[in-house]
Amino acid sequence: MANSVEVDHPLRAKVTVSQGHDKMPDFNITNLTDQPFNVGINALIERTSMPELPRPYLGASAIGDDCARRIQYDWWCKPELAARVRRIFERGHFFEFRTREQLIEAGFKFSTNPADLEFTALDRNFRGHADGLIFAGPDLPDAHLAYPCLWECKALNGKNWRAVAKDGLIKTFPKYAAQVSVYQRHLNRTNPVLFTAANADTCELLHFVVPFNAQVAQYWADRAAMIIAATRAGELLPRVANNRDNFHCNICPHKGRCWR
């Protein structure tokens, strides 16, 4: 029968070595994420991270959210976002910047005029900024891509990226589809949008076009007008859910103030 002895290991406190057969040593140690050193540094980062300030306008990126009340809070209140979530947003900015560079290298010509990307409406209470405007590019067979066209880029985790590839943007992320529709309408760029989804796990890129739908675009424009009017009048719009443990509420940065 094999004997087990504890021996010192140069990189670990102690390991158990079995004598008499080829069983591997048990090198398991406490999860590093639970160590006070790691916990303390992350707590410092949370306390010192600069909070995002609310925008003085309703943004096009928010208008497609399922919850009208969250849209109001996004507009008027400082979001309660963990530093980790802010880093996810910053990751999205990196993918947008790098993907634009690669598209330019591939022959797509982007406008450098900021005015081509920005719109304001409803007494400047509703605004948006598209990721890009492509005015020329390669002739791609069967792409149904006409220039000039808007370009939008989103970084997604692997699971969501695969869902978009399988089911399309409207079904998987109607909020992003609404944002694209609003840009097309208010920037008067009704050619299909070139949409790029970046897989943040594998760095794969998925490119597809999003056609313009005037009726859908008008719906989102009307919704923006309704939300702005209600908010200016001091009316708090209904939540999307009646239970604070609903999925939508659990991922909302305003859950604390909404359910007080």
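Here goes a summary of the coordinates provided. This is a predicted model, so every value here is computed, not measured.

### A word on the packing of aromatic side chains
Any aromatic ring pair is given by two values, namely how distant the centres are and how the planes are angled relative to each other.
Reasoning step 1: On inspection of all chains with the given rule, the structure shows eight aromatic pairs.
Reasoning step 2: Taking 5.3 Å as the distance between ring centres and 35° as the angle between the ring planes, the aromatic pair formed by Trp75 and Trp76 counts as tilted.
Reasoning step 3: Here Trp75 falls in the buried class, since its relative accessible area comes to 3%.
Reasoning step 4: Plain terms: the ring middles of Tyr219 and Trp220 are 4.8 Å apart, the flat faces sit at 75° to each other, and that makes the pair edge-to-face.
Reasoning step 5: Classification of Tyr219 as partly exposed rests on a relative accessible area of 49%.

### With respect to the pattern of salt bridges
Reasoning step 1: Across all of its chains, the model carries seven salt bridges by this definition.
Reasoning step 2: Asp65 serves as the salt-bridge partner of Lys175, at 3.6 Å between the closest nitrogen and oxygen. Linking Lys175 in helix H6 (residues 174-186) with Asp65 in the loop between strand S3 (58-59) and helix H2 (68-76), this pair joins segments that are 110 residues apart in sequence.
Reasoning step 3: Asp65 sits in the buried class, given a relative accessible area of 11%.
Reasoning step 4: Among the salt bridges present, the one from Asp167 reaches Lys166, with a minimum N-O distance of 3.4 Å.
Reasoning step 5: Judged by relative accessible area, Asp167 falls into the partly exposed class, the value being 32%.

Analysis parameters
Residues numbered from 1 in each chain as written. Predicted model: local features only at pLDDT ≥ 70, side-chain atom pairs only at ≥ 80, totals over all residues. Heavy atoms only, no water. Phe/Tyr/Trp six-rings, centres within 6.5 Å; stacked < 30°, edge-to-face > 60°. Buried < 20%, exposed > 50% of the residue type's maximum accessible area, 1.4 Å probe, protein only. Salt bridge = Lys/Arg side-chain N within 4 Å of Asp/Glu carboxyl O. Helix = DSSP H or I, 4+ residues; strand = E, 2+ residues; numbered from the N terminus.

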